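One-letter residues, chain by chain:
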There are 2 protein chains.
Amino acid sequence: MQQLTVTSVNVNGLRAAARKGYLPWLAGTTADVVCLQEVRAEEAQLPAEVARPAGWHVTYAPAEAKGRAGVALLTRREPDAVRIGFDCAEFKASGRYLEADLPGLTVASLYLPSGEVGTERQDEKERFMAAFLPYLVDLRGRAAAEGREVLVCGDWNIAHREADLRNWRANRTNSGFLPEERAWLGRVLDPADGGYTDVVRALHPDQEGPYSWWSYRGRAFDNDTGWRIDYQIATPSLAARAVKAHVERAATHAERWSDHAPVTVSYER
Amino acid sequence: MQQLTVTSVNVNGLRAAARKGYLPWLAGTTADVVCLQEVRAEEAQLPAEVARPAGWHVTYAPAEAKGRAGVALLTRREPDAVRIGFDCAEFKASGRYLEADLPGLTVASLYLPSGEVGTERQDEKERFMAAFLPYLVDLRGRAAAEGREVLVCGDWNIAHREADLRNWRANRTNSGFLPEERAWLGRVLDPADGGYTDVVRALHPDQEGPYSWWSYRGRAFDNDTGWRIDYQIATPSLAARAVKAHVERAATHAERWSDHAPVTVSYER
DNA sequence: CATTCAATG
DNA sequence: CATTTAATG
């Protein structure tokens, strides 16, 4: 294979997604790595063909709380190592972070907490952000020492810039587009700070979106009133190898098996 | 009209029933009085055509607890009076009993609590039974003094005899067929005690069933593994006027808009 | 196995 | 507006 293809999608409940069309999508993907978020199930609650699809190695990081969060990684080849959670006790068993080592690459599935202004859930989101940025820096350092690139895929629950959501003016005081959240993501992407690259934006610097999430309310999907909150965030030399990126809006169009669409990127090896 | 037809059905959530075929059934019924149980909604939560179907006078007795219990009466003519609850403070606002006066008749919709052996819910069921039998006696006396018959329709959550459920042996220790529950219903029907008559059984003394409830689990409906727990219980001289009784199994067959079927009886006037 | 609800998203 | 769970049935 000349390319490594990675796709990431928030499935909004893998049991529901599987009832509505997730498996045909998975059967059709050419990706080598699939990152899932909001699995909202333990492996034992899933039908076998969903839990362990043929041809994939699967790792789950479910949340302690039943029916909440949960991330997973599907890889065509067996990872050399997998690690659940990151360097933070509070979020260790929250089903929000899972990473796997493949040759020359550490790939992660991330589900950053969603917040709501003025509630404890926003405080939790901010605690996660505060702990996660130093971890990303640490991860990049460790990976570099081992000659590994890093790719953190998932639902970051933050739109970075005005081009990343349809109604940015109306959302300046809503969680997901707050100044402090945007600044935090800016730090992740600052070469002098986090040092990572937003792969899709690097390939499409002048595009609106492409959005990856549309509310189920109203006609958000039909009107493309969406947000770009699902990212592939890579070390710069990996990001430089990205040759194609797209959001599979059609994959969730007819069937609508999630309110998010897969974000797919191909990297030269 | 030469006859008065009364039908009673536990709808297991009127909102769900209305999504699945309750309204066509209502449009087709020839009944003069419809008794509903397990409405599980307040009037304001119902679509107008469900809450106030044309041609009917409707009275609701919702439970205080949202989404629980709830009984209603639909009558072609306006009742002379309606009363919510019976002579017991604990169950006044529990959405389990509603009665209406029509000329010569007091008709009631009853949803007796369902229990589970060894739980507080069984205790509650027994408290209801203990309070309700004296009320029935009192009601019969008052009605007689006014020249009124009494008809209490609804889900009594008790199968009286072995012929009233498919698997009576296996259910002798389950709520709904406990010896003390059967004995209590026996007292309701004892001429020297409650003094009421089980109208459907009086018309069909030698029949198995007819069952009026089938669990959604397994193939209970297809195998007719049911219970007769929905009754029309009448003062004897009204019961003597019953000319036809049947359980509308077909009404909930194709569509299955409830796990109970309507119990319909026609009385000579 | 179905209906509600509440919390989450 | 959709997904879960929990309690209820």
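Quick note: structure is the one above.
Cut-offs and rules
- Residues numbered from 1 in each chain as written.
- Chains lettered and ligands numbered in written order.
- Predicted model: local features only at pLDDT ≥ 70, side-chain atom pairs only at ≥ 80, totals over all residues.
- Heavy atoms only, no water.
- Helix = DSSP H or I, 4+ residues; strand = E, 2+ residues; numbered from the N terminus.
- Rg over C-alpha atoms; globule rule 2.2 N^0.38 Å.
- Buried < 20%, exposed > 50% of the residue type's maximum accessible area, 1.4 Å probe, protein only.
- Contact = heavy atoms within 4.5 Å.
- Areas by Shrake-Rupley, 256 points an atom, 1.4 Å probe, with all protein chains shown as cover.
- Lys, Arg positive; Asp, Glu negative; His and termini not counted.
- Charge placed at Lys NZ, Arg CZ, Asp CG, Glu CD.
- Near = heavy atom within 4 Å.
- Polar contact = N/O pair within 3.5 Å; in protein donor to acceptor, adjacent residues only side chain to side chain.
- Nonpolar A, V, L, I, M, F, W, Y, C, P; charged D, E, K, R; others polar.
- Pairing = 2+ DSSP bridges.
- Right-handed = clockwise from strand over helix to strand, strands pointing away.
- Patch = residues over 30% accessible without salt bridge, like charges linked within 9 Å, V, L, I, M, F, W, Y side chains within 5 Å.
- Salt bridge = Lys/Arg side-chain N within 4 Å of Asp/Glu carboxyl O.

Colleague: How should the overall build of chain A be read in this particular structure?
Modeller: For chain A, the count of helices and strands is seven helices and 14 strands. Scaling as 2.2 N^0.38, a compact globule of 269 residues should have a C-alpha radius of gyration of about 18 Å, and chain A matches this with 17 Å. When the backbone C-alpha atoms are referred to their principal axes, chain A occupies close to 45 × 45 × 35 Å. Each of the 269 residues in chain A was classed as buried or not, and the buried ones make up 55%. Across chain A, the fraction of contacts at a sequence separation of at least 24, relative to all contacts at a separation of at least 6, is 69%. As presented, chain A carries roughly 11,700 Å² of accessible surface, and 49% of it is formed by carbon and sulfur atoms. Averaging the locations of the 33 positively and 37 negatively charged side chains of chain A gives two centres separated by 3 Å.

Colleague: Teacher, can you tell me more about the protein's contact with DNA strand D here?
Modeller: Neighbouring DNA strand D are 20 residues, the closest being Lys20, Arg40 and Tyr216 of chain A together with Arg121 and Arg217 of chain B. Considering the 4 Å shell around the protein, atoms of DNA strand D inside it are sugar or phosphate in 82% of instances. At a separation of 3.3 Å, a phosphate oxygen of DNA strand D approaches a polar side-chain atom of Arg15 of chain A. Between DNA strand D and Ser114 of chain B, the relevant distance is 3.3 Å, taken from a sugar or linking oxygen to a side-chain nitrogen or oxygen of the residue. Taken together, the residues that form the surface near DNA strand D break down as three nonpolar, six polar and 11 charged.

Colleague: Sorry, what's going on with the environment of Glu268 of chain B here?
Modeller: Residues and elements named next belong to chain B. Among the structural elements, Glu268 can be located in strand 14 (residues 263–268). Measuring from C-alpha to C-alpha, the distance between Glu268 and Val243 comes to 6.8 Å, with 25 residues separating the pair along the chain. Leaving out residues up to four positions away in the same chain, Glu268 has contacts with Gln2, Arg241 and Val243.

Colleague: Before we go on, may I ask you to explain the sheet that holds strand 7 (residues 105–111) of chain A in this structure?
Modeller: Hydrogen bonds between backbone atoms are what pair the strands of a sheet, whose relative direction is either parallel or antiparallel. Residues and elements named next belong to chain A. Strand order in the open sheet formed by six strands is 5-6-7-8-12-9, and the pairing between neighbours is mixed. Pairing within the sheet leaves two strands with one partner each, and these edge strands are strand 5 (81–84) and strand 9 (197–198). As judged from the four bridges shared by strand 5 and strand 6 (residues 97–102), these two strands associate in the antiparallel manner. In the strand pairing of strand 6, Ile84 is matched with Leu98.

Colleague: What exactly am I supposed to notice about the sheet that holds strand 5 (residues 81–84) of chain B here?
Modeller: Residue and element names in this part refer to chain B. Strands sit in the order 5-6-7-8-12-9 across an open sheet of six strands; the sheet is mixed. Unpaired on one side and paired on the other, strand 5 and strand 9 (197–198) mark the two borders of the sheet. Here five bridges tie strand 8 (residues 149–155) to strand 12 (residues 230–234), and the two strands are oriented antiparallel to one another. Bridge pairing in strand 12 places Asp155 opposite Asp230.

Colleague: Please clarify how the protein's contact with DNA strand C should be interpreted in this entry.
Modeller: Neighbouring residues of DNA strand C: 19 residues in total, closest Arg121 and Arg217 of chain A together with Lys20, Arg40 and Tyr216 of chain B. Of what DNA strand C places within 4 Å of the protein, 81% of the atoms are sugar or phosphate. Within the side chain of Arg121 of chain A, one N or O atom sits 2.7 Å away from a phosphate oxygen of DNA strand C. A total of four residues in the surface near DNA strand C trace back to one element, the largest contributor, which is helix 1 (residues 14–20) of chain B. Counted by class, the surface near DNA strand C contains three nonpolar, five polar and 11 charged residues.

Colleague: How should the environment of Val247 of chain B be read in this particular structure?
Modeller: All names here are of chain B. With respect to the helices, strands and loops of the structure, Val247 is situated in strand 13 (residues 242–247). When its relative accessible area of 16% is taken as the criterion, Val247 is described as buried. Those residues in contact with Val247 that sit more than four places away from it in its chain are Pro210, Tyr211, Ser212, Trp214, Ala261, Pro262 and Val263.

Colleague: Please explain the environment of Pro134 of chain A as it appears in this structure.
Modeller: Residues and elements named next belong to chain A. Mapping Pro134 onto the fold places it in helix 4 (residues 120–145). The class for Pro134 is partly exposed, based on a relative accessible area of 47%. Remark: the alpha-carbon pair of Pro134 and Leu105, spanning 29 residues in sequence, is separated by 19 Å.

Colleague: Explain the pairing of strand 8 (residues 149–155) of chain A to me, please; I cannot follow it from the model alone.
Modeller: Regular strands show a simple pattern: their side chains alternate between the two faces of the sheet. Residues and elements named next belong to chain A. Most of strand 8 is tucked away: seven of the seven residues are buried. By the bridge criterion, seven bridges tie strand 7 to strand 8 in an arrangement that is parallel. Paired with Val107 across the strands is Leu151, a residue of strand 8. Handedness of the β-α-β unit built from strand 7, helix 4 and strand 8 comes out right-handed.

Colleague: For this particular structure, what's the right way to read a positive patch on the surface?
Modeller: Residue and element names in this part refer to chain A. Together, Arg15, Arg19, Lys20 and Lys66 line one region of the surface with positive charge. Structurally, the position occupied by Lys20 is in helix 1 (residues 14–20). The class of Lys20 is partly exposed, set by a relative accessible area of 38%.

Colleague: Help me understand the pattern of salt bridges, please; the structure alone is not making it clear to me.
Modeller: Should the charged atoms of two oppositely charged side chains come close, the side chains can pair. All names here are of chain A. Going through the model one piece at a time under the given rule, you end up with 31 salt bridges over all chains. Notably, a salt bridge pairs Arg52 with Glu43, separated by 2.8 Å at the nearest N-O pair. The exposure class assigned to Glu43 is partly exposed, which follows from its relative accessible area of 33%. Linking Arg127 and Glu90 is a salt bridge whose minimum nitrogen-to-oxygen distance equals 2.8 Å. A residue pair is termed long-range when its members are at least 10 positions apart, and Arg127 in helix 4 and Glu90 in the loop between strand 5 and strand 6 qualify at 37 residues. Classification of Arg127 by relative accessible area gives partly exposed; the value is 33%. Overlapping salt bridges, with partners in common, bring together Asp164, Asp198, Arg201 and Arg228 in one network.

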